Structures are given as structure tokens and as C-alpha cells.
Amino acid sequence: MTNSDSDNTAVEQSVEQSVEGGGCACGAVRYALTGTPITVHACHCTDCQRMSGSAFAMNAWIEKSRVELLSGALASRTLPAGKGTSTTHFCPQCGTSILTEYSSPKFWFVRATTLDNQQAFTPDIHIWTRSKQPWLHLPDGVPVFEAYYDREQVWPPDSLARYHAALV
Amino acid sequence: MIKQAEARELGGCACGAVRYAMNTAPILSYACHCTDCQQLTGSAFILSGWIEKTEVELLSGEMTTCKLPTGERGSTVHFCPQCGTSIWTEYSPGFWFVRLTTLDNQTAYPPDMHIFTRSKQPWLNLSGDIPVYEDYYDRETDWPAEKLARYNAAVEAIAG
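Residues numbered from 1 in each chain as written. Chains lettered and ligands numbered in written order. Predicted model: local features only at pLDDT ≥ 70, side-chain atom pairs only at ≥ 80, totals over all residues.

A closer look at the interface of chain A and chain B
At step 1: Tallying the contact residues gives 37 residues for chain A and 39 residues for chain B.
At step 2: At the level of secondary structure, the elements contributing two or more residues to the side of chain A that touches chain B comprise helix 2 (46-52), strand 4 (57-63), strand 6 (75-81) and strand 7 (84-90) of chain A.
At step 3: A total of 6 residues in the side of chain A that touches chain B trace back to one element, the largest contributor, which is helix 2 of chain A.
At step 4: For the side of chain A that touches chain B, the residue count by class is 16 nonpolar, 17 polar and 4 charged. (Contact = placed C-beta atoms within 7 Å. Helix = DSSP H or I, 4+ residues; strand = E, 2+ residues; numbered from the N terminus. Nonpolar A, V, L, I, M, F, W, Y, C, P; charged D, E, K, R; others polar.)

Here it is in C-alpha cells:
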């Protein structure tokens, strides 16, 4: 391999594997995302409102293989959620929730504003808006679902491809 | 206009271990868009109710506390150690800042104002009647007289 080949490979990897660092409020937990999310939800369900202390949770849906825990240990708790369960992982020292597992063990839902770049990702889809805070205005031009949605109808093909690849 | 709740409201964490009561409406409710609140919530802002500690009762459960260097004098977050749900924070002695969506009636108190919107999520639409402050605000001029009177009475009571 020549020097120039090696340089090109390095450049391609840095573009593909954009790394976003994140962590909890006290700094004990640090993690990295080694890719962009498949999709980003703003979830307005009553559970997310309670657990976040906000009008919705901003959840970045990503393959577990693209999330690396760099430091700290997370506590977890499994709770009933809809027809299944959710397991929230939070820093036991400061209570900041970082990751949740919902329907599949293949994916994390990362709380997007625990990233150091808190504006890295914008919600692609607003869900469970039937329980949204009445005073909140939702942005124009973004899909809004009163309950959940059919991913095959809503997601772009590349998101669907990633989703199905992760399930294999 | 959304009618504000007046009566005692019950609330708690996601797993049910922590339960509490707020005996009256908060002095002030707000949405804080600062970067610390975004990190702590995993959302675009926190919905907090500023209330005298004497108006809040812990009914069951125990909370873990963590002191953080947020705000002017630091803050102490109180959360359920079993499920991680944060319930309230102390920013100044004598007052709790209660996370209002941990109330069972999650729409009881819409925010009176948005603060620290200079760091707000760019996609968020804050148009409407709720006052918006890029940073903080001047309590003496920006709070209604009755809220200011209640706050000052509480501060005097705390000073003893």
C-alpha cells in the first residue's frame, strides 16, 4: 500500500465513522457514538414525560454496535412500556439517563441531548403526540404521529436497510 | 388559555418507589433550555416548578442526591435510585424545583416562561403567548406582584 492509499483510507473512515462523545451530568459516565442514528424520535408519551422531566424525550435509535461505553457503570431498571418493556440505563451517581432498550436487544435509544454536541441531531419523527403538552407547538414539515407508526411506510430506504441488517 | 390546577397534586417516579405530594401550585413554572437541563433531561428543556419546600411532602421512597456545579451556586439533584427518575432539584435553600411532568397530572402547570433560550434546540418552535428570555430575567420586574410577594415571604420565613 502506498502512502496516498493509506491517506485516502484514513479520510474515508473519518467521514463514515463520525464520532460524537457524550456523558452524564456528573461526568462519571462517558460514551461515544461511532455513527449517526438510524432515526431520532421526540417521544411525547406519558412515560417519557415522567422519566425525562420534560415534554418529551429525544431518543436517537442506533445499533448497539455503534455505541461504546468509555467510562463509568450504568444502573438499569426494566419497566412495563406499552405492550413490552423498556430498560433504562442511568448514572447511579447523578441520575442522568443515557440509554434505553425497548423492543429489541440490538438497539439503543440514546438520549440525544446527553451528547456533548447537543444540537447534533434533530428529531425526525414526533410520536405519541396524543399525550403531548397542550402548550407545545410542533415544528412544521416533520412527521407527527398521535400514537406509533409503520416504519416500512415512514423510514427512508437506507434507514430500513440498516435496521434489517442489525436484526440479522 | 389552559386552566392552572389549584389543588394538591400527587406525583412520583417511573417505577413507583418514590411518591410525593405538592400541596399547592408552584410559585412559578418554567421551561429551562440551558445546556445543563438539556443534558439532565435527555430532552430540549426541563419543566420545573419553583415551590417552597414546606409545600412538598415525600410520601414514600428514598432518593439519592448528587451535587452538581450547575447554576450560580451549584445544584443538588434528587432522584430515585431504582429507576433514575429525577424528581426535584435544590438551587437555593428552602425551595424545591420540582420536575412537573413527574406529577400524575402531567399537564397541570404549563410553563410561565422559557429561560436560557440562547441555547435552545434550533428546531423548537417557541411562538405563542409564553414569554421567552434568552438568559435569565429580573425577578423584581418580570414576575407578577403576587408571585413576588409569595417568594419574598418564603425567603423571609427561611431566613427565620
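A look at the sheet that holds strand 2 (residues 19-22) of chain B
Residues and elements named next belong to chain B.
At step 1: Here we have 3 strands laid out as an open sheet, ordered 1-2-5, and antiparallel in their pairing. With one partner strand each, in any of the chains shown, strand 1 (9-12) and strand 5 (56-60) form the two edges of the open sheet. Across this sheet, the average inter-strand angle for adjacent strands is 25°, counted without regard to direction. (Pairing = 2+ DSSP bridges. Axes fitted to C-alpha atoms, helices over the stretch in contact; angles between N-to-C directions.)

A closer look at the environment of Val132 of chain B
At step 1: Among the secondary structure elements, Val132 of chain B is positioned in the loop between strand 10 (113-115) and helix 2 (139-142).
At step 2: Ignoring any residue separated from it by four or fewer positions in sequence, one finds Val132 of chain B in contact with His114, Thr117 and Leu126 of chain B.

Observations regarding the sheet that holds strand 1 (residues 20-23) of chain A
All names here are of chain A.
At step 1: Taken together, 3 strands build an open sheet; the order of strands is 1-2-5 and the sheet is antiparallel. At either margin of the open sheet sits one strand with a lone partner, and together these are strand 1 and strand 5 (67-71). Strand-to-strand twist of the sheet, defined as the mean angle between neighbouring strand axes without regard to direction, takes the value 25°.

Some points on the confidence of the model for chain A
At step 1: Considering every residue of chain A, the mean pLDDT works out to 91; 90% of them sit at 70 or more.
At step 2: Long-range and interchain partners of residues 1-16 of chain A, a stretch whose pLDDT sits below 50, account for 1 contact in this model, where long-range means more than four residues apart. (pLDDT = per-residue confidence, 0-100.)

Some details on the nonpolar core
At step 1: With 71 residues, the main nonpolar core has Val110 of chain A together with Cys32 and Val98 of chain B as its most contacted residues.
At step 2: A total of 5 residues in this core trace back to one element, the largest contributor, which is strand 4 of chain A.
At step 3: Aside from chain neighbours lying at most four places away, what touches Val110 of chain A is Leu33, Asn59, Ala60, Ile62, Val67, Ile98 and Leu99 of chain A. (Core = buried A, V, L, I, M, F, W, Y, C linked by C-beta atoms within 7 Å. Buried ≥ 20, exposed ≤ 12 C-beta atoms within 10 Å, placed from the backbone.)

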